[in-house]
Amino acid sequence: MQIKKQACGAYATNCYILNIDDKDYIIDPGENALSFIKKEAKNPVAILNTHGHFDHVWDNESVKQEFKIPIYIHEKDEFMLKDPFNTGHKKSQADILIKDENEIDIQGIKFKFLFFPGHTPGCCMIELVGENLAFSGDFLFRSSIGRYDFAYSDASLMKDSLERVLEYEKNLRLLPGHGDETSLFNEHRTIKYYLRAI
């Protein structure tokens, strides 16, 4: 397994290329991510979106068309691919809508979309099953959490999600949508702080 990261666009949104068994899984292709992917990925097979905010899906359509690969996103964030914020990026069409937290097999590799709404209605962490690793998107960061004051955000749902993730027994390695990596147990103190603040 190999993971490559590029901070993309004005918001420095992390796009990840997860390479396993000569297959490349693209997580959150932000602004101008296509050039990074064309340079660093030899065999892209899927696009996985942690959530639907424009800075995480900016190059969805460009990557999809370039490599003829499907887009996966939680069903409750599908509407965001249609650019409701009028940011001007290309609209994209999801191919696979995630409806629950069942394991899904993408060309022999298993993922689980862990549903943690609040930042967006369909916000998820994407777990690589069996590897103690999750792409945490804008749910959890190093020493912070995702904002819950945007349009379509929900502070109550965020609080519920934070309470639920504290119950996880696995110390997942977290690769966030912005900034540096961390781990779930390292963020327990941060999570508890925000639970008091919300």
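Residues numbered from 1 in each chain as written. Predicted model: local features only at pLDDT ≥ 70, side-chain atom pairs only at ≥ 80, totals over all residues. Heavy atoms only, no water.

*Asks:* Would you mind going over the sheet that holds strand S10 (residues 133-137) with me for this structure?
*Replies:* Paired through backbone hydrogen bonds, the strands of a sheet run either parallel or antiparallel to each other. With respect to topology, six strands assemble into an open sheet ordered S7-S8-S9-S10-S13-S14, the strand pairing being mixed. Two strands in the sheet have a free side with no partner beyond their single neighbour: strand S7 (104-106) and strand S14 (182-183). Strand direction decides the pairing type here: strand S9 (residues 124-128) and S10, joined by three bridges, are antiparallel. Bridge pairing in S10 links Ile 126 to Phe 135. (Pairing = 2+ DSSP bridges. Helix = DSSP H or I, 4+ residues; strand = E, 2+ residues; numbered from the N terminus.)

*Asks:* Which parts of the structure should I look at to understand the packing of helix H4 (residues 155-165) against helix H5 (residues 188-197)?
*Replies:* Two quantities define a packed helix pair, namely the angle between the axes and the distance from one axis to the other. Two elements in contact, H4 and H5, have axes whose closest approach is 10 Å; the angle formed by their N-to-C orientations is 150°. Two packed elements cross with a definite hand, and for H4 against H5 that hand is left-handed. Counted together, Lys 159, Leu 162, Glu 163 and Val 165 of H4 and Ile 191, Tyr 194 and Leu 195 of H5 form the full contact between these two elements. (Axes fitted to C-alpha atoms, helices over the stretch in contact; angles between N-to-C directions. Left-handed = near helix turned anticlockwise from the far one by under 90°. Contact = heavy atoms within 4.5 Å.)

*Asks:* So what exactly am I meant to see when it comes to a nonpolar patch on the surface here?
*Replies:* On the surface, Phe 79, Phe 85 and Tyr 152 cluster together into a nonpolar patch covering about 270 Å² of accessible area. As for its placement among the helices and strands, Phe 85 is situated in the loop between strand S5 (71-74) and strand S6 (96-98). (Patch = residues over 30% accessible without salt bridge, like charges linked within 9 Å, V, L, I, M, F, W, Y side chains within 5 Å. Areas by Shrake-Rupley, 256 points an atom, 1.4 Å probe, with all protein chains shown as cover. Salt bridge = Lys/Arg side-chain N within 4 Å of Asp/Glu carboxyl O.)

*Asks:* Just to check I follow, could you spell out the pattern of salt bridges for this structure?
*Replies:* Side chains that differ in charge, positive against negative, can pair when their charged atoms come close. What the rule picks out here adds up to seven salt bridges. Among the salt bridges present, the one from Lys 4 reaches Glu 40, with a minimum N-O distance of 2.8 Å. Here Glu 40 lies in helix H1 (residues 33-40) and Lys 4 lies in strand S1 (residues 2-8), a separation of 36 residues in the sequence.

*Asks:* Sorry if this is basic, but what is going on with the sheet that holds S5 here?
*Replies:* Strand order in this open sheet of six strands is S1-S2-S3-S4-S5-S6, and the pairing throughout is mixed. Looking along the sheet, the strands with just one partner apiece sit at the ends: S1 and S6. Taking the axes of each pair of neighbouring strands and ignoring which way they run, one obtains an average angle of 20° across the sheet. As defined by bridge partners, strand S2 (residues 13-20) adjoins strand S3 (residues 23-27) across five bridges and the pair is classed as antiparallel. Looking at the pairing, Asn 19 lines up with Asp 24 of S3. Packing against the sheet, H1 makes contact with S1, S2, S3 and strand S4 (44-48), and its axis sits at approximately 25° to S2. In the packing of helix H3 (residues 60-67) onto the sheet, contacts are made with S4 and S5, and the angle to S4 comes to roughly 160°.

*Asks:* What is the right way to read H3 from this model?
*Replies:* Owing to its 3.6 residues per turn, the α-helix brings residues three or four apart onto one side. Taken as a whole, H3 has its buried residues at Asn 60, Glu 61, Ser 62, Val 63 and Lys 64. Tucked inside the fold, the buried residues of H3 contact H1, S4, helix H2 (54-57) and S5. Once H3 finishes, Lys 68 follows within two positions and takes phi at roughly 55°, a positive value. (Buried < 20%, exposed > 50% of the residue type's maximum accessible area, 1.4 Å probe, protein only.)

*Asks:* For this particular structure, what's the right way to read the side chain of Asn 60?
*Replies:* Relative to the elements of secondary structure, Asn 60 occurs in helix H3. Here the side chain of Asn 60 touches Ser 92 through a polar contact of 3.4 Å, side chain to side chain. Here Asn 60 is in contact with Pro 29, Ile 47, Asn 49, Ile 71, Leu 81 and Ser 92, once residues within four sequence places are set aside. (Polar contact = N/O pair within 3.5 Å; in protein donor to acceptor, adjacent residues only side chain to side chain.)

*Asks:* Would you explain H1 in this entry?
*Replies:* Taken together, the buried positions of H1 are occupied by Ala 33, Leu 34, Phe 36 and Ile 37. On an axial view of H1, the arc spanned by its buried residues comes to 160°, and they lie on one face. Turned more than 90 degrees from where H1 packs its buried face, Ser 35 and Lys 39 sit exposed. The inward-facing, buried residues of H1 contact S1, S2, S3, S4 and H3. (Arc of directions from axis to C-beta.)

Everything listed is a geometric property; what it means functionally is a separate question.
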